Amino acid sequence: MKSERFSTFKRGALHAALASTAVLGGLGLVGNAHAISGDATATVVQAIDITQNRALNFGKFVASNGGTVTLTNVATTVVGGTSVRVSPSTAASGQFTVTGDGAATYTLTADASTTITDGNTTMNVTAITPSVTTGGVLSGTSGSQGSQVVYVGATLTQGAANAAGTYSGTYSITVAYN
Amino acid sequence: MAVIALLSTVACASVSWAQTFTATQALAFGTFAPSAVAGTIVIPPVGLRGKSGGAYPIAVNLGSAASFSVSGGGANQPYSITLPSNGVVSLSLVGSPGTTMAVNGFSSSTSSGQLSGTGALAFTVGATLSVGSNQAMGNYTGNFEVTINLQ
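What comes next is a walk through the structure. Residue numbering note: each chain is counted from 1, following its sequence as written. Think of it this way: whatever chain is written first is A, whatever ligand is written first is 1, and the rest follow in order. Local features are withheld for residues below a pLDDT of 70 in this predicted model, meaning they are given only at 70 or higher, and side-chain atom pairs are given and counted only at 80 or more; totals for whole chains, interfaces and linings count all residues. Note that the side-chain values use all heavy atoms of the structure and ignore hydrogens as well as water.

## Some details on the overall build of chain A
Every helix listed is a DSSP run of H or I at least four residues long, and every strand listed is a run of E at least two residues long, numbered separately from the N terminus. Each helix and strand counted, chain A has one helix and eleven strands in total. Starting at the N terminus and ending at the C terminus, chain A contains elements arranged as α-β-β-β-β-β-β-β-β-β-β-β. The classification of residues rests on relative accessible area computed with a 1.4 Å probe and restricted to protein chains. Under 20% of the type maximum is buried, over 50% is exposed, and intermediate values are partly exposed. In chain A, buried positions account for 36% of the 178 residues. Restricting to contacts in chain A with at least 6 residues of sequence separation, those with at least 24 account for 75%. Calculation of accessible area relied on Shrake-Rupley with a 1.4 Å probe; when residues are assessed, cover is drawn exclusively from the protein chains displayed. In the structure as shown, chain A presents an accessible area of about 9,500 Å², 56% of it carried by carbon and sulfur atoms. We call two residues contacting when some pair of their heavy atoms lies within 4.5 Å.

Right, dumping it as structure tokens:
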């Protein structure tokens with residue numbers, strides 16, 4: 001019985017103290033402003049780029065009434081088609097290196113076709129096919145440079161009008177981060 | 001005894017009004033690449049990261065809006081939120097503070113209203129980051145001030 005009374009008294013005193021704190025705090029609530037500083041962050045990595053290491057080269061073949069030369073989009077180019085080729089062949093797929101942020105994915109787009117010319121006549125280059133289109137993945141981890149080698153194959157069509165000579169042209173290839 | 005009981009209720013409720021305003025998540029613009037063309041990275045208060053111009057978001061870090069929470073306010077207490085004005089906030093390249101990117105266009109998931117019945121509020125803040133032509137690589141940090149006005 002004695003200890004119970006003591007306890008009640010203590011609680012009452014505590015409540016009174018809290019009530020006075022509440023009044024002061026309550027006044028402070030009216031029209032008050034609380035400022036806080038939030039952090040902001042960003043990570044800039046290197047821009048994506050593409051460099052040609054090796055030109056798309058259909059090699060040497062004999063002038064004729066018509067024919068094709070095909071190049072596969074792999075490192076060790078497989079040359080095919082109906083044209084009569086001359087050895088030793090210099091034919092090769094196009095080779096590029098894509099550089100950018102490690103592990104990043106990217107999309108590569110290339111012109112589907114172009115023409116090459118000796119200054120007098122032209123030959124069509126079609127089916128320009130990169131080994132990577134969507135879903136390219138650069139090596140390494142984000143924050144350091146990654147890279148990927150890409151190959152380009154295509155088909156050349158020669159015609160009766162195409163005299164012996166050296167033909168050249170360009171095609172466009174573009175990379176962008178996904 | 002009845003009076004003491006009433007005081008006790010007020011006291012406890014009032015003490016719990018000790019408000020806390022907490023930044024629970026940083027405003028993260030995530031990972032992106034610059035190019036020769038300037039651009040922006042946009043973090044909306046709600047929704048996915050956007051871009052314009054020559055800034056290219058990279059999926060390795062998608063970024064996120066900042067999160068803030070208020071607790072211990074009065075039940076249904078009116079509030080308004082003040083965000084930084086344009087031209088005030090920028091991020092600096094870690095290790096090279098002179099290299100910066102401006103942060104403008106702050107917006108929040110709510111600008112004014114009433115706290116909940118328990119005196120709480122959670123909201124998010126987004127903004128637009130200006131990325132320069134060939135912006136230098138690296139990690140950028142900064143901070144911004146958000147004010148909640150309780151009426």
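## Regarding the sheet that holds strand S11 (residues 173-177) of chain A
All names here are of chain A. Taking strand neighbours across the sheet as the criterion, the three strands line up as S9-S6-S11 in an open arrangement whose pairing is antiparallel. The sheet terminates laterally at strand S9 (136-137) and S11, the two strands that pair on one side only. Whether two strands pair comes down to DSSP finding at least two bridges between them. Across five bridges, strand S6 (residues 105-110) lies against S11 in antiparallel orientation. Paired with Tyr-106 across the two strands is Tyr-177, which belongs to S11.

## Here we look at the nonpolar core
Formed by 36 residues in total, the largest nonpolar core has its most connected members in B:Phe29, B:Leu129 and B:Phe144. Top element by residues in this core is strand S11 (residues 121-131) of chain B. It accounts for six residues. Once residues lying within four places of it in the same chain are set aside, the contact partners of B:Phe29 are A:Thr41, A:Ala42, B:Ile41, B:Ile43, B:Arg49, B:Gly63, B:Leu91, B:Val103, B:Ala127, B:Thr128 and B:Leu129. Here the nonpolar core consists of buried residues drawn from Ala, Val, Leu, Ile, Met, Phe, Trp, Tyr and Cys, with membership extended through side-chain atoms lying within 4.5 Å. In this structure, A:Ile50, A:Leu71, A:Ala154 and A:Ile173 belong to the second largest nonpolar core, which totals 31 residues.

## Focus on a nonpolar patch on the surface
Residue and element names in this part refer to chain A. To count toward a patch, a residue needs a relative accessible area over 30% and no salt bridge; like charges are then connected within 9 Å, while nonpolar side chains (Val, Leu, Ile, Met, Phe, Trp, Tyr) are connected within 5 Å. For salt bridges, the criterion is a side-chain nitrogen of Lys or Arg within 4 Å of an Asp or Glu carboxyl oxygen. Where nonpolar side chains cluster on the molecular surface, the patch consists of Val-62, Val-84 and Val-86 and spans about 230 Å² of accessible area. Relative to the helices and strands, Val-86 is located in the loop between strand S4 (79-80) and strand S5 (94-101). Judged by relative accessible area, Val-86 falls into the partly exposed class, the value being 34%.

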